[in-house]
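# Secondary and tertiary structure notes
Single-letter residue listing:
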Amino acid sequence: MAIKTFCTKNRFVFLLIALAVLLLGYPYPADTRLGAFIGGMISLLLMMASVYTVWVHKRVFIVSCGLMVIAAALSIHSLIAGTRGDPLVEGAFSVFYAYMTVVIFLEVIRTEQVRLDTIYGTVCVYLLIGVTFGTLYDLIETLHPGSFQWHIVAETGSSLGWRQLIFYSFMTLTTVGYGDITPVTSQAQSLAIVEGTLGVLYVAVLIARIVGIYSGENRLSG
């Protein structure tokens, strides 16, 4: 009973840790089959941690497990085949991350009490937005090569991939915008607009919700 209570009250801790591992570790795996395997293991860790956060909601848990299995199976098949830039894999991951982001956001925004784990959840949603859009950018670039212009390519000869686009995603989400990567097609620009807007709105809605909860608690205690 004590273990179940702990797991219920600390569901977002593991997801936050997995997201930190992804964001801190993604630059290091090399562009080799071993590097792809390590990257896949990090992604699997993140997916499992995401699914864990919704285990208390049966229907959501079943759907998230199904999406995770599909994404993992396609990723393993692509790894075994030695193919890179498979739109089916990128699409499956995009759907999974988008679904988990929406589900966790709805749970966090509907909470009636602000606990420490709730704060962890709000941070997880923000980071998941960045991961989701990074995967979507990668999908767009795969389907329509040249959707993004990487200004450093001419100097290094490097190719634009998920690592660079996840960086671009968070620069867009946080409105930092270094300008080293530029969306050049209408689809890419539209997606960047949506992410930048979501980043600002999320913070505003979150602050308003937390203030509303605290105001309600103060009225009840008064």
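Residues numbered from 1 in each chain as written. Predicted model: local features only at pLDDT ≥ 70, side-chain atom pairs only at ≥ 80, totals over all residues. Heavy atoms only, no water.

### Observations concerning the overall build of the protein
- Secondary structure assignment for the protein yields nine helices and two strands.
- Put simply, of all contacts in the protein between residues at least 6 apart along the chain, 78% involve residues at least 24 apart.
- Surface exposure of the protein reaches about 12,200 Å², of which carbon and sulfur atoms provide 70%. (Helix = DSSP H or I, 4+ residues; strand = E, 2+ residues; numbered from the N terminus. Contact = heavy atoms within 4.5 Å. Areas by Shrake-Rupley, 256 points an atom, 1.4 Å probe, with all protein chains shown as cover.)

### Quick look at the packing of helix α2 (residues 11–25) against helix α6 (residues 116–143)
- Direction vectors running N to C along α2 and α6 enclose 35°, while the axes themselves pass 9 Å from each other. In this structure, α2 meets α6 at a crossing whose hand is left-handed. Taken together, the residues of α6 that come into contact with α2 (itself represented by Arg 11, Phe 12, Val 13, Leu 15, Leu 16, Leu 19, Leu 22 and Leu 23) are Asp 117, Tyr 120, Gly 121, Val 123, Cys 124, Leu 127, Leu 128 and Val 131.
- Partitioning the contact of α2 with α6 into residue classes produces 13 nonpolar, one polar and two charged. (Axes fitted to C-alpha atoms, helices over the stretch in contact; angles between N-to-C directions. Left-handed = near helix turned anticlockwise from the far one by under 90°. Nonpolar A, V, L, I, M, F, W, Y, C, P; charged D, E, K, R; others polar.)

### Notes on helix α8 (residues 162–173)
- Across its twelve residues, α8 extends 16 Å between first and last C-alpha, which sits within 8% of the 16 Å expected from 1.5 Å per residue.
- Of the residues making up α8, those classed as buried are Leu 165, Ile 166, Tyr 168, Ser 169, Phe 170, Met 171, Thr 172 and Leu 173.
- Thr 175 sits one or two residues past α8 and shows a positive phi near 60°. (Expected span 1.5 Å × (residues − 1). Buried < 20%, exposed > 50% of the residue type's maximum accessible area, 1.4 Å probe, protein only.)

### A closer look at the packing of aromatic side chains
- Within the structure shown, the criterion is met by eleven aromatic pairs.
- Taken together, a centroid distance of 5.8 Å and an interplanar angle of 85° make the contact between Tyr 26 and Trp 162 edge-to-face. Remark: Trp 162 occurs in helix α8 and Tyr 26 occurs in the loop between α2 and α3 (33–52); sequence separation between them is 136 residues.
- Arranged with centres 6.1 Å apart and planes meeting at 10°, the rings of Phe 167 and Tyr 178 form a pair that is stacked. With Phe 167 in helix α8 and Tyr 178 in the loop between α8 and β2 (181–183), the pair connects residues that are eleven residues apart, well separated along the chain.
- Aromatic rings pair up to connect Phe 133, Tyr 137, Phe 148 and Tyr 168 into one cluster. (Phe/Tyr/Trp six-rings, centres within 6.5 Å; stacked < 30°, edge-to-face > 60°.)

### Some details on the pattern of salt bridges
- Summed over the entire model, instances satisfying the criterion amount to one salt bridge.
- Between Glu 107 and Arg 11 there is a salt bridge, with the nearest N and O atoms lying 2.2 Å from each other. Taken together, the residues span a long stretch of sequence, with Glu 107 in helix α5 (residues 87–110) and Arg 11 in helix α2 at a distance of 96 residues.
- Arg 11 gets classed as buried once you look at its relative accessible area, which sits at 7%. (Salt bridge = Lys/Arg side-chain N within 4 Å of Asp/Glu carboxyl O.)

### Things to note about unusual backbone geometry
- Notably, Thr 175 is not glycine yet its phi reads approximately 60°, a positive angle.
- For Thr 175, a relative accessible area of 55% translates into the label exposed.

### Structural notes on the packing of helix α4 (residues 58–81) against α5
- Put simply, α4 and α5 touch, their axes get as near as 9 Å, and they point 155° apart. Overall, the two elements α4 and α5 adopt an arrangement that is roughly antiparallel. Note that α4 runs across α5; the crossing there is left-handed. On α5, the residues that touch Val 60, Val 63, Ser 64, Leu 67, Met 68, Ile 70, Ala 71, Leu 74, Ser 75 and Ser 78 of α4 are Leu 88, Val 89, Ala 92, Phe 93, Val 95, Phe 96, Tyr 99, Met 100 and Val 103.
- Its residues assigned to classes, the contact of α4 with α5 shows 16 nonpolar, three polar and no charged. (Parallel < 35°, antiparallel > 145°, perpendicular 65-115°, else oblique.)

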